[in-house]
Amino acid sequence: MSLNALYVDFNSHFASVEQLLQPSLRGKPIGVLPVMAETTCCIAASYEAKAFGIKTGTGVRDARKLCKDVIFVEARPPLYVEHHHKLIAIVASCTHVEEVRSIEEMVCKLTGSQQIKENALKLAAKIKREINKQYPYIKCSIGIGPNTFISKVTSNMQKPDGCVVIEQHEIPHRLLALKPRDLNGIGRQMEARLAHYGISTVEPLYAANKGQLRTAWGNVEGERMYDKLRGLEPHYVKNARSSLGHSHVLPPVQRNITGAKAVLHRLLQKAAMRMRSYALLTTKVSVKVKFRE
């Protein structure tokens, strides 16, 4: 029994909620905007819009070029949070929710007979079935693995509405077809750092020892990545939480004011959602922007 984590990822959550609440939007390409303006960007896109290449950060004008029939709606964060809590309750009715990661993601700890692949898949099917009963227009991708990291990676491997399992004995060969950027925690800058140390694919990344990865990362996260890649839960020292945050490396198409604002809006919603899940209050919200030059 090597399966310990089940990761639930609600893709296109904002757009899916809008399609749920507005039947006229179902089956149509929609972009969710922070404000209704021609100069802004999408902070979310429906599956139908994504099929045309529209995604978070796509400007309104560019979205229209990609899909002339795209429909724009203004974001309603309180409603997304409301339905997020209802979705948590549905998943919790099936199994214990270990941690809510964001407004779109949660991880469940597998125990006992749930750790057997057949039973884990039955649990995933039950979660999808229960969600579909109340939310037929909201789909989720589920990843199942020996630790939280692997389950998160697998949840991204089949979207939308997928379910992927990677067992302990399938590591690392099931990961070798992925790119380093497909692994959570490796962004553009980290990818460049790894390339500097001769690591450009997952195979040498997995082969590197803890010391090499610590050097590449420049801190203890490299050692934790060593454990994560092997299906182990890395050790974290639990301290009283004094801050939390979310970050995102902007891809080239989003390196402009409107693109940055769209991503900032989404990061704010994720950070606020985590604060609520931890029952925290704050006296300060800050934004850090790092420029390439």
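Residues numbered from 1 in each chain as written. Predicted model: local features only at pLDDT ≥ 70, side-chain atom pairs only at ≥ 80, totals over all residues. Heavy atoms only, no water.

## Regarding unusual backbone geometry
Peptide bonds are, in most cases, trans, and in most cases residues other than glycine have a negative phi.
Next, step 1: In this chain, Lys159 is followed by Pro160 through a cis amide linkage whose omega measures -5°.
Next, step 2: Looking at the element boundaries, Pro160 is found in the loop between helix 6 (148–155) and strand 8 (163–165).
Next, step 3: A cis amide bond links Ile171 with the next residue in sequence, Pro172, at an omega value of 10°.
Next, step 4: Relative to the helices and strands, Pro172 is located in the loop between strand 8 and helix 7 (188–196).
Next, step 5: Even without a glycine there, the phi angle at Ser12 is positive, about 50°.
Next, step 6: Following the sequence through the fold, Ser12 ends up in the loop between strand 1 (5–9) and helix 1 (13–21).
Next, step 7: By relative accessible area, which is 5% here, Ser12 ends up buried.
Next, step 8: Backbone geometry places Asp161, a non-glycine residue, at a positive phi of 60°.
Next, step 9: Secondary-structure assignment places Asp161 in the loop between helix 6 and strand 8. (Helix = DSSP H or I, 4+ residues; strand = E, 2+ residues; numbered from the N terminus. Buried < 20%, exposed > 50% of the residue type's maximum accessible area, 1.4 Å probe, protein only.)

## A few points about the environment of Gly187
Next, step 1: For Gly187, the location among the structural elements is in the loop between strand 8 and helix 7.
Next, step 2: Judged by relative accessible area, Gly187 falls into the partly exposed class, the value being 24%.

## Considering the sheet that holds strand 6 (residues 105–109)
Next, step 1: Strands sit in the order 5-6-1-7-8 across an open sheet of five strands; the sheet is mixed. Both outer strands of the open sheet, strand 5 (97–100) and strand 8, are each paired with one neighbouring strand and no more. Strand-to-strand, the axes of this sheet are offset by a mean angle of 20°, without reference to chain direction.
Next, step 2: Bridge analysis of strand 7 (residues 141–145) against strand 8 gives three bridges, and the strand direction is parallel. When the sheet's bridge partners are listed, Gly143 is paired in strand 8 with Val164.
Next, step 3: Strand contacts of helix 4 (residues 77–92): strand 5 and strand 6, with the helix running at about 160° to strand 5, the strand carrying the most contacts.
Next, step 4: Strands in contact with helix 5 (residues 117–134) are strand 1, strand 7 and strand 8; relative to strand 7, the strand with the most contacts, it is inclined by about 160°. (Pairing = 2+ DSSP bridges. Axes fitted to C-alpha atoms, helices over the stretch in contact; angles between N-to-C directions. Contact = heavy atoms within 4.5 Å.)

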